[in-house]
Every structure is written in C-alpha cells, then in structure tokens.
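Below, each chain spelled out in residue letters.
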Amino acid sequence: MITRRHLLAGLAGLSASVLAAGHASALEFIDYTGNELEGLAASGVPYLINFHATWCPTCAAQQRVLDALQGESEAYAAIPILRVDWDDYGNGELVRNLAIPRRSTLVLMRGNSELGRLVAETRKDKIAELLDLAAS
C-alpha cells in the first residue's frame, strides 16, 4: 500500500529527477535499498552518504545547500550521493556499522573508509569543506 508520505516523496524525487536532467552537472542521487553501497565502495570514487528523512527540516536545509553547491562546482556535482531514508533504515545495519547518531548526518566515504562527517550541519561553508575532502 502506498502511503501519503511515500507518494509525496516519490513525486519530490520525480521533480528532482526532471530538474537534474535539465542540468548537465547535477548531483547523482542514489536511493539506498541495501545493495548500492558495495558498488559505490568498489568504484574507488568518493561518495556521500546522506541519512535523511522526508519530514526532517534539517535534512531539507542540507538538501538545499547540496543543491546550491552542485550549481557552483562540477567537482561537487560529480560526487554520488547515497540517500538513506531514516524511516526505513534508521535501525538498520548500515546505521549501526557507521555509528550514525541521527538523521541529518552526512558521511563522505572512499571505498570503506570514512573521510569525514557532519551531524545536523546546515552551513554551506561546512558542507563544502566536507565535500572538498573528496579531492584529498
């Protein structure tokens, strides 16, 4: 059964996809379902894990900052973002393994190594600093 929350989230995702298709350097978002992490880790490229909830105002603020940064830098736009829905996976193995304290946590990874993280941070300069670690 499709809940109102899932319907709204799906429509938001569709809108984001349409907008991203029109923007050549849009961030690559991958919705986590449990199987995507292995491929990202094996790729050797840095990737961001975004633990979010559709109803979370801090998560929404982080998303606005990520959207703004994507338009400013092709390097930022090239970083794949794995979105982990807190409502679905907040008590899951990934959250336990990475010791994620709450939704609105951003973790930059390369392979299986953590490069940096931010918890409930919405300042553009701090999120940019985290993304800058991808170049290191």
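Structure's up top.
To keep things clear, this report deals only with the structure shown in the data block. (Residues numbered from 1 in each chain as written. Predicted model: local features only at pLDDT ≥ 70, side-chain atom pairs only at ≥ 80, totals over all residues. Heavy atoms only, no water.)

**Topic: the overall build of the chain**
Part 1: Helix and strand counts for the chain come out as seven helices and five strands.
Part 2: Counted over contacts in the chain with a minimum sequence separation of 6, partners at least 24 positions apart contribute 70%. (Helix = DSSP H or I, 4+ residues; strand = E, 2+ residues; numbered from the N terminus. Contact = heavy atoms within 4.5 Å.)

**Overview of the environment of Tyr-76**
Part 1: One can find Tyr-76 in helix H4 (residues 74-77).
Part 2: Judged by relative accessible area, Tyr-76 falls into the buried class, the value being 13%.
Part 3: Spatially, the C-alpha atom of Tyr-76 lies 6.6 Å from that of Leu-131, the residues being 55 residues apart in sequence.
Part 4: A distance of 2.6 Å separates a polar atom in the side chain of Tyr-76 from a polar atom in the side chain of Asp-132. (Buried < 20%, exposed > 50% of the residue type's maximum accessible area, 1.4 Å probe, protein only. Polar contact = N/O pair within 3.5 Å; in protein donor to acceptor, adjacent residues only side chain to side chain.)

**Points about the sheet that holds strand E5 (residues 113-119)**
Part 1: One open sheet accounts for five strands, arranged E1-E3-E2-E4-E5; its pairing is mixed. The sheet is open, and its two edges are formed by strand E1 (29-31) and E5, each paired on a single side. Across the sheet, the mean angle separating the axes of adjacent strands is 25 degrees when strand polarity is ignored.
Part 2: Pairing analysis gives six bridges linking strand E4 (residues 105-110) to E5, with the strands arranged antiparallel. Its bridge partner being in E5, Arg-110 is matched across the sheet by Ser-113.
Part 3: In this fold helix H7 (residues 124-132) packs onto strand E2 (46-52), E4 and E5, with an angle of close to 175 degrees to the strand it touches most, E5. (Pairing = 2+ DSSP bridges. Axes fitted to C-alpha atoms, helices over the stretch in contact; angles between N-to-C directions.)

**Observations regarding the pairing of E2**
Part 1: Most of E2 is tucked away, with seven of its seven residues classed as buried.
Part 2: Burial along E2 is two-sided: the residues Pro-46, Leu-48, Asn-50 and His-52 and Tyr-47, Ile-49 and Phe-51 are all buried.
Part 3: By the bridge criterion, six bridges tie E2 to E4 in an arrangement that is antiparallel. Looking at E4, one finds that Ile-49 is bridged to Val-107.
Part 4: Pairing analysis gives five bridges linking E2 to strand E3 (residues 81-85), with the strands arranged parallel. Counterpart to Ile-49 in the pairing with E3 is Leu-82.

**What to know about the layout of surface pockets**
Part 1: The calculated volume of the second largest pocket comes to roughly 190 Å³.
Part 2: Along its surface, the second largest pocket is lined by Tyr-32, Gly-34, Leu-37, Glu-38, Ala-41, Leu-94, Asn-97, Leu-98, Met-109 and Asn-112.
Part 3: Taken together, the elements giving at least two residues each to the lining of the second largest pocket come down to helix H2 (36-43) and helix H6 (93-98).
Part 4: Here the residues of the lining of the second largest pocket are counted per class, giving six nonpolar, three polar and one charged. (1 Å grid on protein atoms, 1.4 Å probe; cavity = no way out; pocket = protein on both sides within 12 Å on 5 of 7 lines; lining within 4 Å. Points joined across faces, edges and corners; volume = space filled by probe spheres on them. Nonpolar A, V, L, I, M, F, W, Y, C, P; charged D, E, K, R; others polar.)

**A few points about the packing of helix H3 (residues 57-72) against H7**
Part 1: Contact pair H3 / H7: the axes reach a minimum separation of 10 Å and the direction vectors enclose 60 degrees. For the crossing formed where H3 meets H7, the hand is right-handed. Counting all contacts with H3, which are made through Gln-62, Val-65, Leu-66, Ala-68, Leu-69 and Glu-72, the residues of H7 involved are Lys-124, Ile-127, Ala-128 and Leu-131.
Part 2: Of the residues belonging to the contact of H3 with H7, the class tally is seven nonpolar, one polar and two charged. (Left-handed = near helix turned anticlockwise from the far one by under 90°.)

**Side note on unusual backbone geometry**
Part 1: Phi is positive for Ala-99, which is not a glycine, with a value near 55 degrees.
Part 2: The topology assignment puts Ala-99 in the loop between H6 and E4.
Part 3: The exposure class assigned to Ala-99 is exposed, which follows from its relative accessible area of 55%.

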